[in-house]
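Working through the structure, step by step
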Amino acid sequence: MTSRGTPLDRGLGDLEPGTAQRVQLRARITGIAWTAGCAVLALWAVWSAVGAVRGTTAWVYSAVAWVLLAVALTVRVAGRRRPRL
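Below is a summary of the structure that appears in this document. Predicted model only: the values in this text are computed from it and were never measured. (Residues numbered from 1 in each chain as written. Predicted model: local features only at pLDDT ≥ 70, side-chain atom pairs only at ≥ 80, totals over all residues. Heavy atoms only, no water.)

Observations regarding helix α1 (residues 20–54)
In this model, α1 (35 residues) spans 51 Å end to end at C-alpha, consistent with the 51 Å of a helix rising 1.5 Å per residue. Buried within α1 are the following residues: Gly-31, Cys-38, Leu-41, Ala-45, Ser-48, Gly-51 and Ala-52. Tucked into the core, α1 has its buried residues touching α2 (59–81). Phi turns positive one or two residues past the end of α1, at Gly-55, with a value near 90°. (Helix = DSSP H or I, 4+ residues; strand = E, 2+ residues; numbered from the N terminus. Expected span 1.5 Å × (residues − 1). Buried < 20%, exposed > 50% of the residue type's maximum accessible area, 1.4 Å probe, protein only. Contact = heavy atoms within 4.5 Å.)

Here it is as structure tokens:
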């Protein structure tokens, strides 16, 4: 507020649409989500491979887990290389 009681215009806030911080936040959240997804897929792949070796689960689950992990990592790497417009 100014001395006359009118609100002081400070421009855009940190996370207002169109600010650099907003773009960085979206990129950071996307990175965290991809990392979490790949970690879950990796755990599933290793767990199912160990189970398949022990004979407690089917090999199909292990194969599907490894394929999904490979696809997710390939998409992640390809997304990093391509610049966003």
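Comments concerning the nonpolar core
Core analysis: the biggest nonpolar cluster contains six residues, these being Cys-38, Leu-41, Ala-45, Ala-65, Leu-69 and Ala-72. Elements with a minimum of two residues in this core: α1 and α2. Apart from residues lying up to four places away in sequence, Leu-69 is in contact with Cys-38, Leu-41, Ala-42 and Ala-45. (Core = buried A, V, L, I, M, F, W, Y, C linked by side-chain atoms within 4.5 Å.)

Concerning the side chain of Ser-62
If you trace the backbone, Ser-62 turns up in helix α2. Ser-62 gets classed as buried once you look at its relative accessible area, which sits at 5%. Apart from the residues within four sequence positions on either side, Ser-62 is in contact with Ala-45, Ser-48 and Ala-49.

Some points on the packing of α1 against α2
Two elements in contact, α1 and α2, have axes separated by 8 Å at closest approach and are oriented at 155°. As judged from the angle between their axes, α1 and α2 are roughly antiparallel. The element α1 and its partner α2 pack so that their crossing is left-handed. For the pair formed by α1 and α2, the contact residues are Gly-31, Trp-34, Cys-38, Leu-41, Ala-42, Trp-44, Ala-45, Val-46, Ser-48, Ala-49, Ala-52 and Val-53 on the first element and Trp-59, Tyr-61, Ser-62, Val-64, Ala-65, Trp-66, Leu-68, Leu-69, Ala-72, Leu-73, Val-75 and Arg-76 on the second. Tallied by class, residues from the contact of α1 with α2 come to 20 nonpolar, three polar and one charged. (Axes fitted to C-alpha atoms, helices over the stretch in contact; angles between N-to-C directions. Parallel < 35°, antiparallel > 145°, perpendicular 65-115°, else oblique. Left-handed = near helix turned anticlockwise from the far one by under 90°. Nonpolar A, V, L, I, M, F, W, Y, C, P; charged D, E, K, R; others polar.)

Remember, this is a structural readout, not a statement about activity or role.
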